[in-house]
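Secondary and tertiary structure notes
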Amino acid sequence: MLKKYLFLIVLLFLAPRIFPQINKEQLRNEIDTLLRDDFFKSANIAIEIYDLTAYDTLYKFNEKKLLNPASNMKLLTSAAGLIFLGPRHNFFTSVRYTGDVIDHTLHGDVYVDGDFDPDIGTGDLYHFINDFLKLGIEEIDGNLYADISKKDTISWGWGWMWDDNPSTDAPYLSPLNINSNAIDVYVLGTVQGEKAQIFTDPETEYVRIINNTITSSLEEQNIYVTRDWQNRNNDIYVGGIIAPPVSAAGDTIKRSVNIYRPDLYFLTLLKEKLQENGITLKGKMGVLKNPSGSRWLSFFNHTYDNVMTYMNKVSDNLSAEMVLYTLAESFNGVPVTASEGLRVIDSLLTLSGVPRNTYLAADGSGVSRYNLFSADHILSVLKYIYYNYQRLFELYYNSLPIAGIDGTLRNRMQGTDAEGNVHAKTGTLRGVSCLSGYAKAKNNHLIAFSILMQGFIYQTDYARSIQDRICILISNYIESK
């Protein structure tokens, strides 16, 4: 297998010179040759390739077979958001208060209303802080509440795996989010025999660090960072061996974990930033629905087009799930459930000509092991948005990772004719690798494609190399004369 893998890498490097251009028959023959690889004696693959410019199917294989799409699910979620919400839809997080401001003291409670914004970071809190300062508030003689009433209490997607905790790929879901509902942990060796230095970004009292590390002279480093997810708390355990720093700048190891109860995480960071700016909270923090009659104090928003771009470029799971809930709210009001959002995905698929009951949609991000789609299903959506929403299509197309340039494809297909020409969404779970999107061919035709692969062990790089090879072939395609 190693020899075959190295041979395929050589082909990838030489591809532009071996095949400056190929016609439909050559394209089909080349892909057929790839599919005779021993890799597919056990692994499954489904492919469909379609020339959008010429209205012509270029290749099909197992295109009706149901496989797990992994993060190719985001192609459906982001398309639904673009069509049904619109690019300028606002995720609108607001701060309201009760009572009155007298002598620099707010005699009342403060409420932060969650609106499913997935992109708020610690720095964005200063938008709220500045509005507190404008009112001259130096003390809050009341409580700080999160209003998370827009959503049910289910904090994970259907079919998410219990042992994905505490990975940042499986964030806890809430209408009120911050820092992708995760925290970065940095570990730096100190003096041999002593514990490592540990700090977090952001620095916050919301987590507790348990330091079980040791600085050693051994060259081999073995650091682990985990969270006590089994007991549903935010105690972060850091252990293992780390080497002393070799320079004054040090050699810092970074790890990230998800955070339990992101709504309270948000409130804690807000409280800490208030205190840093001379505003004291005297009361407690908790969860409570914003009462009628409360007054507006501040707001912060992100628009859907920016959320979609981040979602697709880096394959952000939190963004996809928040879009799913927002779709549910736009059609059904609040409180929302994920199943209501999935019905909107169903509507998109129906409009795309996909028969109901031929697929299974379990979440918006592709984390779930329950999702089942075919290459033909995904291609139907790629074709639908291209042919029916030309203005929106440009935003959709540009939101996808670009081969050799950015996002999850930045290190793939570099130096080939596919670099800069393939805009596609990756999808990865253990034993699953997918790539679907668009490619510009040698004749300037736009090609839509979907490649779903499943059923392999420890061979993700090899699966990707085959996908890359197919994309290079598509990029070198020229219409048959």
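Residues numbered from 1 in each chain as written. Predicted model: local features only at pLDDT ≥ 70, side-chain atom pairs only at ≥ 80, totals over all residues. Heavy atoms only, no water.

**With respect to the side chain of Ser 319**
What counts, and what does not: Where helices and strands are cited, they refer to DSSP runs of H or I of at least four residues and of E of at least two residues respectively, numbered from the N terminus. Burial status follows relative accessibility: with a 1.4 Å probe on protein chains alone, a residue under 20% of its type maximum counts as buried, one over 50% as exposed, and anything between as partly exposed. Between N or O atoms, a polar contact is any pair within 3.5 Å; within protein, one atom must be a potential hydrogen donor and the other a potential acceptor, and residues adjacent in sequence are included only when both atoms are from side chains. Contacts are assigned to residue pairs with any non-hydrogen atoms lying within 4.5 Å of each other.
Assignment of secondary structure puts Ser 319 in helix H7 (residues 317–332). You can call Ser 319 buried: its relative accessible area is 0%. Engagement of the side chain of Ser 319 in a polar contact is seen with the side chain of Asp 316, the distance being 2.5 Å. If near-sequence neighbours (up to four positions away) are discounted, Ser 319 is found in contact with Pro 118, Asp 119, Val 307, Tyr 310 and Met 311.

**Digging into the state of the cysteines**
The cut-off we apply is this: Cysteine sulfurs are considered disulfide-paired once they come within 2.5 Å of each other.
Summed over all chains, the structure comprises zero disulfides. Just so you know, Cys 434 is unpaired, no disulfide at all, and the nearest cysteine sulfur is the one on Cys 471, 12 Å from it. With relative accessibility at 1%, the residue Cys 434 sits in the buried group.

**Here's the deal with the packing of aromatic side chains**
The cut-off we apply is this: Between 30 and 60 degrees the pair is tilted, below 30 it is stacked and above 60 it is edge-to-face, where a pair is any two Phe, Tyr or Trp rings, Trp via its six-membered ring, whose centres lie within 6.5 Å. Throughout this description, the term charge over a ring refers to an Arg CZ or Lys NZ atom that lies within 6 Å of the ring centre and within 35 degrees of the ring normal.
On inspection of all chains with the given rule, the structure shows 24 aromatic pairs. Relative to Phe 40, the ring of Phe 39 has its centre 5.1 Å away and its plane inclined at 80°; by these criteria the two rings are edge-to-face. For the pair Phe 39 and Phe 40, a shared accessibility class is recorded, and that class is buried. Each ring, one from Tyr 386 and one from Tyr 387, has its centre 5.1 Å from the other, and the planes form 70°; the classification is edge-to-face. Exposure remark for Tyr 386: the relative accessible area of 16% places this residue in the buried category. By relative accessible area, Tyr 387 is classed as partly exposed at 29%. In textbook terms, an aromatic cluster arises when at least three aromatic residues are bridged by ring pairs, as seen for Tyr 55, Tyr 386, Tyr 387, Phe 393, Tyr 397 and Tyr 438. One residue, Lys 383, lies across the ring of Tyr 50, its end atom 4.0 Å from the ring centre.

**Some details on the sheet that holds strand E9 (residues 182–188)**
Formally: What makes two strands pair is DSSP finding at least two bridges between them. Fitted lines through C-alpha atoms serve as axes, helices being fitted only where they are in contact, and the angles separating the N-to-C directions of these axes extend from 0 to 180 degrees.
Reading across from one edge, E10-E9-E14 is the order of the three strands in this open sheet, with antiparallel pairing throughout. The open sheet is flanked by strand E10 (197–201) and strand E14 (253–258), the only strands paired with a single partner. Each adjacent strand pair in this sheet contributes to an overall mean axis angle of 25°, direction not counted. As paired strands, E9 and E10 are joined by five bridges and run antiparallel to one another. Pairing of Asp 184 across the sheet is with Asp 201, part of E10.

**Topic: helix H6 (residues 304–314)**
Residues of H6 that are buried include every one of Tyr 304, Asp 305, Val 307, Met 308, Met 311, Asn 312 and Lys 313, and no others. Those residues of H6 hidden inside the fold are in contact with helix H3 (73–84), strand E3 (90–97), strand E17 (295–303), H7, helix H10 (390–399) and strand E18 (422–429). Looking at the residues trailing H6, positive phi occurs at Ser 315, about 60°.

**As for unusual backbone geometry**
Here the bond from Asp 201 into Pro 202 is cis, since omega is 0°, no more than 30 degrees from zero. Along the chain, Pro 202 falls in the loop between E10 and strand E11 (208–215). Pro 335 follows Val 334 through a cis peptide bond whose omega is -5°. Mapped onto the fold, Pro 335 is located in the loop between H7 and helix H8 (338–351). Here Asn 444, not a glycine, exhibits a phi torsion of approximately 70°, which is positive. Within the secondary structure, Asn 444 sits in the loop between strand E19 (432–440) and strand E20 (446–454). Exposure remark for Asn 444: the relative accessible area of 68% places this residue in the exposed category.

**Describing the sheet that holds strand E16 (residues 285–287)**
Strands sit in the order E16-E8-E6-E3-E17 across an open sheet of five strands; the sheet is mixed. Every other strand in the sheet has two partners, leaving E16 and E17 as the edge strands with one partner each. Across the sheet, the mean angle separating the axes of adjacent strands is 20° when strand polarity is ignored. Two strands pair when backbone bridges link them, and E3 and strand E6 (residues 110–113) are joined in this way by four bridges, in the antiparallel orientation. Following the sheet pairing, Ser 94 is matched in E6 by Asp 113. Contacts between helix H4 (residues 125–134) and the sheet are confined to E3, E6 and E17, with E17 contributing the most and set at about 155° to the helix. In the packing of helix H5 (residues 262–276) onto the sheet, contacts are made with E6, strand E8 (144–147) and E16, and the angle to E16 comes to roughly 150°.

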